[in-house]
Each structure stands twice: as structure tokens, then as C-alpha cells.
Amino acid sequence: MRNLLLLFFIFCTTPNLWANSDEMLIIFTQASDQHFKTIALPDIRAYALEKGIRLVEKSATEGVPENITTTPAIIYQNAKGRSIYASRYAEFSTIRNFIRTSKVVPQQQALLDKTSVLLWQTGRTQVAASLKVTEAQGKVPSNWTATTLAARVQQVFADHMQHFKTAKKVLLARTDRLFYLDIHPYVSANQEVYLSMEIYSQYSCKDPIFSNFAAPLKGTINSFDSLLEQAAKQLANEITAQMKTSKIGDAFSPISNTIPVKSWEALGLSLPVSSQMNKNAFVDAPALPEQWTFHQAIEAEVPIVQFRFPAPLDRYIGEIQKMVGDLQWTKRKNQLQGKFVADMQSLTMGMESFDYNVLNKYVKAYKFPASSFQFDAPVDLSNLAYGETTYLQVDGTFELMRKQRPVKVAAQLTPIVDEFGQPLLQVSASFELNIVDDFKIKGPDGPEAARKTMLFDLNFLMKKAVGG
């Protein structure tokens with residue numbers, strides 16, 4: 001009877017083991033999203049079927065929630081909350097990573113605050129372009145200072161970039177679009193002006209989606225404004241082309257004002273209610289150990305270590321796939337000791353290009369292959385019991401790239417048992433780091449506080465240590 005109760009608990013009634021019965025993957029599309037339907041949708045369907053995730057496909061013409069402004073739109077939700085995908089749909093590994101990481105921590109639905117951009121309002125969709133003018137090179141006229149040149153380019157683009165107008169401030173939804181325009185002026189010895197241009201997607205600052213370096217626009221000093229008008233029109237056309245014909249997953253269809261706004265509930269997409277733990281399963285459970293060692297992920301689809309930036313930069317998200325660690329609680333002293341070591345070379349963000357840059361340029365994983373957190377602190381665990389969650393804060397030392405910083409970790413400990421009646425300790429923990437000031441890691445483009453802050457969430461199981 002005891003084993004039957006335990007099996008019932010493990011497989012049927014324990015939300016802490018991340019059963020996927022409450023998971024839903026929602027896809028909104030329009031007739032114009034043919035590339036997405038051909039390239040990405042078959043893989044999404046196969047993945048949802050394999051993982052037992054309910055897949056709901058809806059035509060946007062029936063109505064969409066207010067915060068869905070473009071299609072294709074990919075949304076994951078479970079009892080913890082709802083998350084909206086914001087990356088390239090042609091990179092299925094990124095979609096898979098989005099689903100994995102959203103299982104544990106749903107996104108905050110914050111808007112991206114941008115200032116001094118060019119904005120195209122098309123239906124309910126905002127398409128923003130951030131303009132950067134690099135310092136002119138070559139035989140530059142004395143009155144071409146960086147400030148005056150940037151202002152001149154900004155004004156001409158605002159007047160002649162089709163559809164776009166200057167916006168002092170804009171709040172972008174997760175499904176809105178942002179492009180980065182880089183303008184590179186060069187003046188030759190005979191006063192000819194060459195204008196090189198690049199467009200970067202919001203999804204990658206590494207490789208431009210358009211560049212004319214091989215054939216820059218050419219004009220004279222006296223015709224510079226006409227040259228800028230030509231550049232503005234060309235870049236507007238290139239953005240429109242990316243919307244319609246991108247083959248790398250940047251194509252999108254704006255949501256027309258004629259499409260009705262409907263709530264998630266009205267569309268039958270309410271968040272599920274989490275099931276409750278059956279604590280009767282622990283009647284005959286063994287005594288709780290005092291020494292624990294890392295066992296495994298809570299479930300194969302739940303990251304052991306997840307990292308992300310706060311909203312609105314939380315599209316930058318990834319995981320560290322390998323970790324070891326030990327805990328020891330000295331009951332007579334109410335003292336908790338522990339050390340956890342993460343394998344930095346197992347870090348991934350789901351995109352090969354991102355992974356290469358992060359591993360080699362930012363965290364230098366091959367030079368510093370491990371990061372760690374260790375502590376020895378007074379902690380009262382006298383109320384630790386099967387099926388009960390104990391909340392605690394642990395002060396310790398975090399080490400990354402041989403730099404050590406004090407860190408406060410908020411943790412939750414929940415003892416359970418496996419199907420064989422052996423004790424397990426479910427651990428959930430979270431903390432944050434200032435990666436810019438404390439570790440000299442460059443953050444992404446965005447609000448100062450968000451780009452400096454890296455949030456970490458850990459979820460894993462520990463088992464009884466040998467001799468524990």
C-alpha cells in the first residue's frame with residue numbers, strides 16, 4: 001500500500017515534479033505567414049506532440065489579445081503564468097529553449113521603453129528603428145562634428161524615411177519590432193561622400209540583415225542631404241522587404257485595426273489552475289537525511305540553472321546544463337553548509353551564434369570553466385518535513401571568472417520521495433548579479449538597470465548522500 005501511494009503521488013498529484021498536463025502552446029497566424037507555416041510550424045507540432053503539450057493553433061482574424069501585435073505569435077503557458085516568444089522562428093532550438101525556460105519562470109509582461117527612435121505605426125503594430133551615426137571618416141569638413149552630423153541625419157530620415165516619424169518615447173510590446181540602423185559616412189580627398197549602411201535585427205547584434213558596404217551610396221558634399229534622402233528611402237524599403245520576405249525568421253505580419261481585440265479568457269486560453277500536493281503519500285516515508293548530494297534535474301524539460309535579464313530584456317535567456325553540489329545540515333548547531341559548482345561550458349542560449357559569443361567573449365568559459373556558490377550559515381530547518389516547503393535566505397559567496405562577490409540566495413526546500421520510497425530534496429533557488437559592475441560583462445542594449453542585472457533560477461533534486 002505504501003508503494004502504491006508513493007507511485008500515485010509521483011505520477012499524478014505532485015506539481016513540484018513538473019507534470020506537463022497543464023501546459024499549452026498557442027500559435028496565432030495570418031494567411032500571410034506562409035514561410036513560418038512551412039519552416040517552423042511542423043517542428044513545433046512535432047515537439048508539442050512528443051512532449052505532451054497541448055497545441056492550440058488560432059487564426060488571428062478571429063481576434064487576438066491586446067498584447068499580441070504581430071503574427072506569427074508563439075505563446076507558452078502553464079499554471080505558473082504566460083510567456084510570449086520574442087526571437088527568430090526559423091531557429092527551432094531557440095523556440096525549444098524558450099519553452100524549457102518558460103516552464104519554471106514565466107515572463108514579466110513589461111514593455112520595452114525606447115527614446116528618440118523612428119516609428120512606423122501600422123495597425124496595432126509598432127515598428128521602431130533606432131538610428132546610430134558613426135563618426136565620419138576621411139577628409140571631413142570642420143563643421144561635421146559628431147553631434148551636428150547625427151542631428152542632420154536624424155532630421156532627414158524623419159522627413160524622408162517612408163512610413164516612419166520621429167518618436168521621443170515609445171513603449172514596445174513583446175511582439176512589436178525594433179530595427180537598428182547604422183550609418184557610416186566617409187569623405188574622400190576630393191570631397192566625395194560615401195554612405196555605408198547596415199540594418200540589424202533586434203534578435204542579433206552580430207550579423208546585419210542588410211549591408212551595402214560592397215556598394216555604398218555615393219554623392220558630393222553639396223548633395224549630402226539628397227544622399228541622405230536616398231539612404232532613408234532605401235532603408236525603409238529594406239525593412240519592408242524583411243517584414244515580407246525574410247528567410248531567417250524575421251518576417252512578420254502586422255495586426256490590422258480591423259482584427260477584434262479579445263481577452264485570453266474569451267478565446268478559451270485561460271491560465272490553468274495548479275493541482276495540489278497529496279501529503280498523505282508521506283505517511284510511511286523514511287527519516288530525513290542531514291546530508292544531501294546533487295541528483296538530477298526535476299524533469300528533463302526543466303533547466304537546472306536558468307539565467308535571464310529582467311523585463312523588458314528577458315528575451316535574453318538561457319541555461320547551464322551541468323552542475324554538482326552538496327548540502328549538509330548540522331541539526332545540533334542549526335548550521336547549513338553547501339557548495340554548488342556549475343559547468344560554464346554547458347551554457348546555452350539556444351542559438352549557436354549567441355552561445356559562441358557568450359562562451360568565448362563574455363564569460364570566457366574555456367579559461368574559467370566553473371562558477372560556484374558556497375556558504376556556511378546558521379539556518380533553522382527544524383520544521384523541514386515531507387510535502388512541506390521551507391523558505392529560507394542563505395548568504396554566501398559566488399565566484400565567476402575568479403571574481404568573488406557576496407550573494408543572497410532565496411531558496412525553497414521541499415522533501416519528497418521517489419517511486420521506490422527513497423528521500424529526495426526538491427530545491428528551488430533564485431538570486432541576482434550585477435554582471436556589468438561586478439564582473440565586467442557587457443550587457444545588452446536596453447534600460448540601465450535591466451541590462452546590468454542577471455537573474456538566476458535553479459530547480460533540481462538532491463538525494464541522500466552516502467553516509468548521510
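Notes on the structure follow.

## Digging into the overall build of the chain
Here is step 1 of the chain: For the chain, the count of helices and strands is eight helices and 25 strands.
Here is step 2 of the chain: In terms of its C-alpha atoms, the chain occupies a principal-axis envelope of roughly 90 × 50 × 30 Å.
Here is step 3 of the chain: Within the chain, counting contacts between residues at least 6 apart in sequence, those at least 24 apart form 71% of the total.
Here is step 4 of the chain: Of the accessible surface of the chain, which amounts to about 21,700 Å², a share of 51% is contributed by carbon and sulfur atoms.
Here is step 5 of the chain: When the 49 basic and 45 acidic side-chain charges of the chain are each reduced to a single mean position, those positions are 2 Å apart.

## Some points on the packing of aromatic side chains
Here is step 1 of the chain: Under the criterion given, the structure shown has 16 aromatic pairs.
Here is step 2 of the chain: A centroid spacing of 5.4 Å and a plane angle of 90° characterise the contact between Phe-36 and Tyr-89, whose relative ring orientation is edge-to-face. You can see Phe-36 sitting in helix α2 (residues 34-39) and its partner Tyr-89 sitting in the loop between β5 (81-84) and α4 (92-102), a full 53 residues away along the chain.
Here is step 3 of the chain: Classification of Phe-36 by relative accessible area gives buried; the value is 1%.
Here is step 4 of the chain: Ring centres of Phe-373 and Phe-375 lie 5.4 Å apart, and the angle between their planes is 35°; this geometry places the pair in the tilted category.
Here is step 5 of the chain: By relative accessible area, which is 10% here, Phe-373 ends up buried.
Here is step 6 of the chain: What links up through ring pairs into an aromatic cluster is the set Phe-307, Phe-398, Phe-431, Phe-439 and Phe-456.
Here is step 7 of the chain: Just above the ring of Trp-264 sits the side chain of Arg-82; from NZ or CZ to the centre is 4.1 Å.
Here is step 8 of the chain: In this structure, Arg-405 is placed above the aromatic ring of Phe-439, and the distance from its NZ or CZ to the ring centre is 5.7 Å.

## Overview of the side chain of Gln-202
Here is step 1 of the chain: Checked against the element boundaries, Gln-202 lands in the loop between β11 (192-201) and β12 (210-211).
Here is step 2 of the chain: A distance of 2.7 Å separates a polar side-chain atom of Gln-202 from the backbone nitrogen of Leu-178.
Here is step 3 of the chain: Beyond its immediate chain neighbours, meaning those up to four positions away, Gln-202 contacts Asp-176, Arg-177, Leu-178, Tyr-180, Arg-315 and Tyr-316.

## Considerations on helix α3 (residues 41-51)
Given 3.6 residues per turn, any residue in an α-helix points the same way as the ones three and four places further on.
Here is step 1 of the chain: For α3, the full list of buried residues reads Leu-41, Ile-44, Tyr-47 and Ala-48. Seen along its axis, α3 keeps its buried residues to an arc of 125°; they face one direction. Looking at α3, the residues exposed on the side facing more than 90 degrees away from the buried face are Leu-49 and Glu-50.
Here is step 2 of the chain: Among the structural elements, β1 (24-29), α2, β2 (54-59), β4 (73-78) and α4 are those in contact with the buried residues of α3.
Here is step 3 of the chain: Backbone geometry just downstream of α3 places Gly-52 in the positive-phi region, at approximately 70°.

## Concerning the pattern of salt bridges
Here is step 1 of the chain: As enumerated under the stated definition, the model contains 17 salt bridges in all.
Here is step 2 of the chain: Ionic pairing is found between Arg-405 and Asp-438, a salt bridge with its closest N-O pair at 3.8 Å. Of the two residues, Arg-405 sits in strand β23 (residues 403-417) while Asp-438 sits in the loop between β24 (423-434) and α8 (448-452), which places them 33 residues apart along the sequence.
Here is step 3 of the chain: Residue Arg-405 is classed as partly exposed on the basis of its relative accessible area of 26%.
Here is step 4 of the chain: Residues joined by salt bridges that share partners form a network here, namely Asp-437, Glu-448, Arg-451 and Lys-452.

## Section: the pairing of strand β18 (residues 323-330)
Here is step 1 of the chain: Note that strand β15 (residues 291-297) and β18 share three bridges and pair antiparallel. If you follow Thr-293 over to β18, its bridge partner there is Asp-326.
Here is step 2 of the chain: Taken together, the eight bridges between β18 and strand β19 (residues 335-343) define a ladder with antiparallel strand orientation. The residue bridging Trp-329 from the neighbouring strand is Leu-336, located in β19.
Here is step 3 of the chain: Linking two consecutive strands that pair antiparallel, namely β18 and β19, is a turn of four residues; a positive phi of about 50° is found at Asn-334 within it.

What counts, and where the lines are drawn
Residues numbered from 1 in each chain as written. Predicted model: local features only at pLDDT ≥ 70, side-chain atom pairs only at ≥ 80, totals over all residues. Heavy atoms only, no water. Helix = DSSP H or I, 4+ residues; strand = E, 2+ residues; numbered from the N terminus. Contact = heavy atoms within 4.5 Å. Areas by Shrake-Rupley, 256 points an atom, 1.4 Å probe, with all protein chains shown as cover. Lys, Arg positive; Asp, Glu negative; His and termini not counted. Charge placed at Lys NZ, Arg CZ, Asp CG, Glu CD. Phe/Tyr/Trp six-rings, centres within 6.5 Å; stacked < 30°, edge-to-face > 60°. Buried < 20%, exposed > 50% of the residue type's maximum accessible area, 1.4 Å probe, protein only. Lys NZ or Arg CZ within 6 Å of the ring centre and 35° of its normal. Polar contact = N/O pair within 3.5 Å; in protein donor to acceptor, adjacent residues only side chain to side chain. Arc of directions from axis to C-beta. Salt bridge = Lys/Arg side-chain N within 4 Å of Asp/Glu carboxyl O. Pairing = 2+ DSSP bridges.

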